[in-house]
Every structure is written in C-alpha cells, then in structure tokens.
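Architecture at a glance
Residues per chain, in single letters:
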Amino acid sequence: MTANELRTMYVNFFKERGHKEIASASLLPENDPTVLFTTAGMHPLVPYLLGEKHPGGKRLTDVQKCVRTEDIDEVGDDTHCTFFEMMGNWSLGDYFKQESISMSFDFLTNYLHIPLERLAVTVFEGDELVSADVEAEEIWKSFGLKSDQIFRYGRDNNWWGPAGQTGPCGPDTEIFYDMDKPKCGPNCGPSCKCGKYVEIWNNVFMQFNKEADGTFTELKQKNVDTGMGLERVLTIFNGKTNVYDTELFIPIMQTLEEILEKEGKAIPERDKRIICEHTRAITFILGDPMKISPSNTEQGYILRRLIRRIIRLFKKADINANYLCELSVVIIEQYGLVYPELEENRRVYSGTVTKRI
Ligand code: SER
C-alpha cells in the first residue's frame, strides 16, 4: 500500500461513517496558543472541542501534519519522527467510547487486516481524581481481545492532554501493534521501549477541561479525539521494520547514499536516518504557509536547532552542508502533490545554508 492509498483509505472509511473531511491545518497552531507546533490533529479543533459549533458538523476526519520534538533523542530508531502525519477522526459531542472503539477495531482488522492477536491496547487504570476506564476495557474484550492483550496504566501513560497548561483532556486507550519480538522481561508491555510494541493509534475520550488552577472540570460535550501515525501504519502494513524502509524515506535516503558515495564518505546508519528525518521536518516547517524562518525564539528556534543538528552531522561526516538543499528538494518533489505549500515556498531553499544560522 502506498502512503496516498493509506491516507485515502482512512479518510474514506470515516467519510462513509458520516465524517466530514477537513484540510490539514498549518504547523503553527492558530487555535491553540498553549503549544509551539501542531503536535496532533486536535490543536486546530480546540475551540470546537470546548463547545463551539464546527461548520463541518459533529464528525470530522483529516490527515494533519504534525511536529513533535519531545522524542527528538529517539529519532534514528525505527519509529520516532519529529515530523509526522497524523490521521484522525473526531466526535464533537456525538459518538463516544463504544462507537469509537468499534470503528477503530473495524478499520484495524478489516481494512488494515491486522490479526487480532497482534493487537495490544492500554486503558486508564484510574486514580484519586478519575475512576478506571472499565468501559473501554469491556468494549475491547467484547471484540475478542484477551486479558493479556489489555494493559492498564496510570495518568503518565493513559491520559491525554492538555497539550499545553490548560485545555481539553481525558483518559485514552492506546492501540499498539505487537512486532512479534520476544518479551524483553516479565514486565514487558506497551509502555516498554524495547520495540516489541509500537503505538499506532490513540483514542482519547475528552471529558474534561484542565483549568489554569490545575483542576479538572467536566466538559459540557464529551468528545472523541483520535490520532493514527501514518508512517508507522505504512511500515507495518508493508511488512517493514522501520519507517526508513517505506516510500516516505527511500528517495531521500537514496539521495544521501549517492552524496556519500560521490564524496567517498561513510557514516553510521543512525546519522543517515537523523539527517533524513530532520531534513523532512525542516522542509515542512520552512514550507508552511505561515512562513516560519530560523530565529532565536519559539518555532524559529526549534527550526534553527533542527537545521544545526543536520549541519553538525554533515560536518562530522566532512561533507559540505549545502547538500542539505539537495535533500530538501527530494522531499518537496515527493510530497508536493499532497502538500502544495511545499512547492509554493520552494524559493526559501533557493539560497544556500552556508551562512551561520
Ligand atoms: N491527541 C491524541 C494524541 O496525540 C490523539 O490524536 O495522541
């Protein structure tokens, strides 16, 4: 399956179930000042999750470009990316846990053809503020998941949001793909970083708003916010073990190989992956309609740090950093049809990166 087939399959699945498709918003969250970047599909929807009426109705779906830097040190492993595409569906005060999990299960097993036994899910175990999500657990069981496929975790793992200091949040049920590796120990589970379990989807049941004083108030409308990682699903569906072996990274990895060969240099695989992953991220940030450029503050500072990281790796390899432009063009050409803003902003790359940034 190609990335485009996956995007279309996801959106059509939800359109057929009454969802309105909305466009991917900017990487700069216009509706959520609590975060620097759009880190999930829900950011552009914050006013609607808080009760404002959305012109598209109560059921929405999209593929949203996202940037997350909290896992930056993991980049270079098989699955973590700073830029990624998140496929999502939302219920704004419409369906809740039963229908949400039911649609997810249908999509996972009947459309992505993931065998039941390769699924693992997590549910909120409850704490002094909010009780355990027994309902979600029972729904999963009703679809045939065995007890050893359902893991209960606390607020650290099974509570989503708010993304900033305040905003909509609630318990979630995360869906993992079991890579069929042996367990790394008796406590091995989805929260473990050994690579046996790869998170592919998260269904958040947004019931609360976190206020500035730290308290949680019940939202007037109960929402569902889900996010599925396109890169990871594409990897799994195509029987690959890492995102770099998918069509999304093959062209840029090949171009980097060619550059290295031409220059007679060899660099560690992890460095290659970081260069390519960060190049994709900075290309999308620079290519955003909001015109972000490197600076000392906020989004511009993150962008600058990512570019510096790439340049450092080029320098370590003793290669001219101007090759970054060549790699960036591969991304623009590859993604240009889906994200025309990349082509529109292409002139940003027409200079060189020799000046100090
Ligand atoms: N907001 C949730 C997440 O990012 C679901 O998309 O995991």
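Scope of this entry: the structure provided in the associated data block. (Residues numbered from 1 in each chain as written. Predicted model: local features only at pLDDT ≥ 70, side-chain atom pairs only at ≥ 80, totals over all residues. Heavy atoms only, no water.)

Each helix and strand counted, the chain has 11 helices and nine strands in total. Its C-alpha radius of gyration of 21 Å places the chain within 12% of the 21 Å reference for a compact globule of 357 residues. Taking the principal axes of its C-alpha atoms as reference, the chain extends roughly 60 × 45 × 40 Å. Sorting the 357 residues of the chain into buried and exposed places 56% on the buried side. Partitioning the intrachain contacts of the chain with sequence separation of at least 6 by distance along the chain shows that 71% fall at a separation of at least 24. Accessible surface computed for the chain: about 15,800 Å², of which carbon and sulfur atoms make up 48%. Distance between charge centroids for the chain: 4 Å, based on 42 positive and 54 negative side chains. (Helix = DSSP H or I, 4+ residues; strand = E, 2+ residues; numbered from the N terminus. Rg over C-alpha atoms; globule rule 2.2 N^0.38 Å. Buried < 20%, exposed > 50% of the residue type's maximum accessible area, 1.4 Å probe, protein only. Contact = heavy atoms within 4.5 Å. Areas by Shrake-Rupley, 256 points an atom, 1.4 Å probe, with all protein chains shown as cover. Lys, Arg positive; Asp, Glu negative; His and termini not counted. Charge placed at Lys NZ, Arg CZ, Asp CG, Glu CD.)

Here the focus is the nonpolar core. If you look at soluble globular proteins, the nonpolar side chains tend to sit buried side by side. Counting residues in each nonpolar core, the largest one holds 99 residues, and the members touching the most others are L108, W140, I200, W201, M228, F249 and F314. The residues contacting M228, other than those within four sequence positions of it, are Y10, E85, M86, M87, F107, L108, L112, I200, W201 and V233. One finds A120, Y153, F176 and Y197 within the second-largest nonpolar core, a separate group that totals six residues. (Core = buried A, V, L, I, M, F, W, Y, C linked by side-chain atoms within 4.5 Å.)

Turning next to the pairing of strand β5 (residues 150-153). When strand β4 (residues 119-124) meets β5, the two strands line up parallel, connected through four bridges. Paired with V123 across the bridge in β5 is R152. Between β4 and its parallel partner β5, the chain crosses via helix α4 (residues 134-142), and the hand of that crossover is right-handed. (Pairing = 2+ DSSP bridges. Right-handed = clockwise from strand over helix to strand, strands pointing away.)

Lining the immediate surroundings of the ligand are A40, M42, R68, M86, W160, N202, V204, D225, T226 and G227. Between the ligand and the protein, one listed contact pairs an oxygen atom with a side-chain N or O atom of R68 at 2.7 Å. In isolation the ligand exposes 230 Å². Once the protein is present, 96% of that is buried. Residue assignment for the shell around the ligand shows that the elements contributing at least two residues are β8 (197-210) and β9 (216-229). Classifying every residue of the shell around the ligand gives five nonpolar, three polar and two charged. (Near = heavy atom within 4 Å. Polar contact = N/O pair within 3.5 Å; in protein donor to acceptor, adjacent residues only side chain to side chain. Nonpolar A, V, L, I, M, F, W, Y, C, P; charged D, E, K, R; others polar.)

Now for the pattern of salt bridges. In total, this model carries 25 salt bridges according to the counting rule given. R273 serves as the salt-bridge partner of D78, at 3.1 Å between the closest nitrogen and oxygen. Here the residue D78 occupies a position in the loop between β2 (59-67) and β3 (83-92), and R273 occupies one in helix α8 (residues 269-286), the gap between them amounting to 195 residues. Owing to a relative accessible area of 29%, D78 belongs among the partly exposed residues under this scheme. For R155, the salt bridge identified is with D127, shortest N-O distance 2.6 Å. Residue R155 is located in helix α5 (residues 155-158), and its partner D127 is located in the loop between β4 and α4; the two are separated by 28 residues in the primary sequence. Judged by relative accessible area, R155 falls into the partly exposed class, the value being 24%. Linked through salt bridges whose partners overlap, the residues forming this network are E137, E138, K141 and R152. (Salt bridge = Lys/Arg side-chain N within 4 Å of Asp/Glu carboxyl O.)

The next subject is the environment of H43. Within the fold, H43 resides in the loop between β1 (20-21) and α2 (46-49). Taking the C-alpha atoms as reference points, H43 and K196, separated by 153 residues in sequence, lie 30 Å from one another. Sequence-distant contacts of H43, defined by excluding residues within four places in its chain, comprise P29, N31, D32, V35, F37, T38 and A163.

Moving on, we come to the packing of aromatic side chains. Enumeration over the complete set of coordinates arrives at 22 aromatic pairs. Residues Y10 and F14 carry aromatic rings whose centres are separated by 4.8 Å and whose planes lie at 45 degrees to one another, so their mutual orientation is tilted. Taken together, the residues span about one helical turn, with Y10 and F14 both in helix α1 (residues 3-15) at a distance of four residues. According to the relative accessible area criterion, F14 is buried, its value standing at 0%. A network of ring pairs unites the aromatic residues Y10, F13, F14, F107, Y111 and W201 as a single cluster. Seen from the ring of W159, R155 lies directly overhead, with NZ or CZ sitting 4.1 Å from the centre. One cation-aromatic arrangement involves K196 over Y197; the distance from NZ or CZ to the ring centre is 5.4 Å. (Phe/Tyr/Trp six-rings, centres within 6.5 Å; stacked < 30°, edge-to-face > 60°. Lys NZ or Arg CZ within 6 Å of the ring centre and 35° of its normal.)

With that settled, consider helix α7 (residues 250-263). An ideal rise of 1.5 Å per residue puts 20 Å on 14 residues; α7 measures up with 20 Å between its terminal C-alpha atoms. Here α7 has its buried residues at I252, M253, T255, L256, I259 and L260. In an axial view of α7, the angular spread of the buried residues amounts to 160 degrees, which keeps them on one side of the axis. Facing away from the buried side of α7 by over 90 degrees, the exposed positions are E258, E261 and K262. Looking at the buried positions of α7, the neighbouring elements they touch are α8, α9 (298-316) and α10 (323-335). One or two residues past the end of α7 sits G264, with phi positive at roughly 65 degrees. (Expected span 1.5 Å × (residues − 1). Arc of directions from axis to C-beta.)

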